[in-house]
Amino acid sequence: MGKKSFYVLIVGVLVAYYAYIPLPENFEEPWKMMWMNTKMKTFVHLATFLELLGIKHFMDSMMIAMSIREVPPVSDENVTVTDTTFNDIPVRVFVPTRKSKELRRAVFYIHGGGWCLGSAALYNYDMVSRWTADRLDAVFISTNYRLAPKYHFPIQFEDVYRALRWFLRIEVLEQYGVNPERIAISGDSSGGNLAAAVVQQLLDDPDVKIKIKIQSLIYPALQILDVHTPSYQENAHAPSLSKSLMVRFWSEYITTDRSLEKAMLLNQHVSVGSSHLFKFVNWSSLLPEKFKKGYVYKNKMYGSSEITKKYPALLDVKVSPLLADDSKLRNLPLTYILTCQYDVLRDDGLMYVTRLRNVGVQVTHHHVEAGFHGIFSFIEFKMGSRIINQYLSWLNNNL
Ligand SMILES: *[C@@H]1O[C@H](CO)[C@@H](O)[C@H](O)[C@H]1NC(C)=O
Ligand SMILES: *[C@@H]1O[C@H](CO)[C@@H](O)[C@H](O)[C@H]1NC(C)=O
């Protein structure tokens, strides 16, 4: 073997080592997955490196990498697409072009990206929004909101809520030809978190008379108290969303101070003074047996009261919709929850399914056995388009 081919071989081995991730047997299109994961991993490493050098905040680099995938609002033969604002919040609106004799259904959508990244203009969101508007003959509102690290909780929540309240007024619904009795609120990941939180908030809002018909939550993040659930442990290094990245997202949502992130990685960010809240996120009592596997629930994981005092958001139900009590949950609308097996957020979704069903809320739960976090956004994956199709037919039949 010549020197040159030896080096080529070495580089090849290193690349393969970098790109390779052990995937479960039931994984579809494993090579596509590894390729996508390698790209993501490279972005994360680059962003981490630039942050180490003090050049750019991690999330700012990630945002630049992502914004390449943004598309302008372009109408097609079936759907008219416009960027506008609702109460100063930028939204993208998709309205079917064909005439309709009846009032239309509507979906109000909140994109994911860990409260730090993403926008309604990302190619994948734009496509799914179009499909939904076209297939359901529905008005589709995809909202933006200000993001971390520049803005923290409650800005994200409040932006979404302001846009939503603007939309849920009779005169605006009339303007868009929307049937006020057939409105869904939906979101994925951190968008699912915001969707669940605003739907709860609506229940207590005397100014909003419209009743939401459906909430649909796609692998939502629903609680910040316990980042040591079996799914966080099992999928700490899963493709697309690692535990460390999710913890970073959570902590950036609350603060730029990285001491919260450190405490969270040890799962010691909530003090014993708040132990009464753990019953709402107790995976030992809320997870179906098959997801608990061999994991042992430890009650002792309380941290310093300093951190908990410093960040009251840690105990806020608007950050962790799972902290709502049963009397509140009871009034929630028909719910669709999608969970993926290989996802740190899996158990958040599973626990919400249990809690909602316990108080009699009707829940359709779709668990994707070979699914991983973000699959709803990977529209070029066979599994992604299949899941979106299943979701759309459910929505079509229920909204
Ligand atoms: C518009 O709708 C027609 C009929 O359903 C379909 O064949 C066509 O592909 C759609 N166009 C786009 C751009 O999606
Ligand atoms: C969690 O649930 C387990 C089993 O149901 C129970 O033994 C434990 O005391 C609970 N802990 C908390 C903090 O609610």
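Residues numbered from 1 in each chain as written. Chains lettered and ligands numbered in written order. Predicted model: local features only at pLDDT ≥ 70, side-chain atom pairs only at ≥ 80, totals over all residues. Heavy atoms only, no water.

Caption draft 1: Representation of the sheet that holds strand E7 (residues 334-342) within the structure. Across the sheet, eight strands lie side by side as E1-E2-E4-E3-E5-E6-E7-E8; this open sheet has mixed pairing. Two strands lie at the open edges of the sheet, namely strand E1 (79-86) and strand E8 (363-372), each paired on one side alone. Strand-to-strand twist across the sheet, computed as the mean angle between neighbouring axes with direction ignored, equals 20°. Where helix H5 (residues 155-167) meets the sheet, it contacts E1, strand E2 (89-96), strand E3 (104-110), strand E4 (138-143) and strand E5 (178-188), and its direction lies at approximately 170° from that of E3. Of the strands in this sheet, E3, E5, strand E6 (214-218), E7 and E8 are in contact with helix H16 (residues 382-398), which crosses E8 at around 175°. (Pairing = 2+ DSSP bridges. Helix = DSSP H or I, 4+ residues; strand = E, 2+ residues; numbered from the N terminus. Axes fitted to C-alpha atoms, helices over the stretch in contact; angles between N-to-C directions. Contact = heavy atoms within 4.5 Å.)

Caption draft 2: Just the packing of aromatic side chains, in detail. Counting across every chain of the model gives 18 aromatic pairs. Relative to Tyr 161, the ring of Phe 157 lies with its centre 5.9 Å away and its plane at 10°, an arrangement referred to as stacked. Linking Phe 157 with Tyr 161, this pair stays in helix H5, spanning four residues, or about one helical turn. By relative accessible area, which is 4% here, Phe 157 ends up buried. Ring geometry for Phe 372 and Phe 381: centres 6.0 Å apart, planes at 70°, overall edge-to-face. The two residues Phe 372 and Phe 381 agree in class, both being buried. Note that Arg 146 overlies the ring of Tyr 151, its terminal NZ or CZ placed 5.0 Å from the centroid. It is Lys 279 that lies over the ring of Phe 280; its NZ or CZ is 4.6 Å from the centre. (Phe/Tyr/Trp six-rings, centres within 6.5 Å; stacked < 30°, edge-to-face > 60°. Buried < 20%, exposed > 50% of the residue type's maximum accessible area, 1.4 Å probe, protein only. Lys NZ or Arg CZ within 6 Å of the ring centre and 35° of its normal.)

Caption draft 3: Representation of the site of ligand 1. Around ligand 1 lies a shell formed by Asp 76, Glu 77 and Asn 78. A distance of 3.1 Å separates a nitrogen atom of ligand 1 from a polar atom in the side chain of Glu 77. Here an oxygen atom of ligand 1 and a side-chain polar atom of Asn 78 are 2.4 Å apart. For ligand 1, whose unbound accessible area comes to 360 Å², protein coverage reaches 33%. (Near = heavy atom within 4 Å. Polar contact = N/O pair within 3.5 Å; in protein donor to acceptor, adjacent residues only side chain to side chain. Areas by Shrake-Rupley, 256 points an atom, 1.4 Å probe, with all protein chains shown as cover.)

Caption draft 4: Region of the structure containing a nonpolar patch on the surface. Among the surface-exposed residues, Phe 6, Tyr 7, Ile 10 and Leu 14 lie close enough to one another that they form a single nonpolar patch of about 410 Å² accessible area. Within the secondary structure, Ile 10 is located in helix H1 (residues 3-19). The partly exposed category is assigned to Ile 10, whose relative accessible area is 36%. (Patch = residues over 30% accessible without salt bridge, like charges linked within 9 Å, V, L, I, M, F, W, Y side chains within 5 Å. Salt bridge = Lys/Arg side-chain N within 4 Å of Asp/Glu carboxyl O.)

Caption draft 5: Highlighting the pattern of salt bridges. For the structure on display, the rule yields 29 salt bridges. Of the charged contacts, one joins Glu 51 and Arg 248 as a salt bridge, the two residues approaching to 2.9 Å between their closest N and O atoms. Note that Glu 51 is positioned in helix H2 (residues 30-52) and Arg 248 in helix H9 (residues 243-254), a separation of 197 residues in sequence. Comparing Glu 51 with Arg 248, the two get one shared label, buried.

Caption draft 6: Seen up close, the packing of helix H4 (residues 123-136) against H16. At a minimum axis separation of 11 Å, H4 and H16 run at an interaxial angle of 40°. The angle between H4 and H16 places the two elements in the oblique class. As H4 packs across H16, the resulting crossing turns out to be right-handed. Residues Val 128, Trp 131, Thr 132, Arg 135 and Leu 136 of H4 form the contact with H16, whose participating residues are Ile 388, Asn 389, Leu 392, Ser 393, Leu 395 and Asn 396. Residue composition of the contact of H4 with H16, by class: six nonpolar, four polar and one charged. (Parallel < 35°, antiparallel > 145°, perpendicular 65-115°, else oblique. Left-handed = near helix turned anticlockwise from the far one by under 90°. Nonpolar A, V, L, I, M, F, W, Y, C, P; charged D, E, K, R; others polar.)

Caption draft 7: View of the pairing of E2. Taken across its eight residues, E2 has seven buried, putting it largely inside the fold. By the bridge criterion, eight bridges tie E1 to E2 in an arrangement that is antiparallel. Its bridge partner being in E2, Val 79 is matched across the sheet by Pro 96. Hairpin connection from E1 to E2: two residues lie between these consecutive antiparallel strands, with Asn 87 at a positive phi of about 60°. One ladder, built from four bridges, connects E2 with E4; its direction is antiparallel. Its bridge partner being in E4, Arg 92 is matched across the sheet by Ser 142.

Caption draft 8: Layout of the side chain of Glu 51. The class for Glu 51 is buried, based on a relative accessible area of 19%. A distance of 2.9 Å separates polar atoms of two side chains, one belonging to Glu 51 and the other to Arg 248. Here Glu 51 is in contact with Lys 56, His 57, Phe 58, Arg 248 and Arg 258, once residues within four sequence places are set aside.

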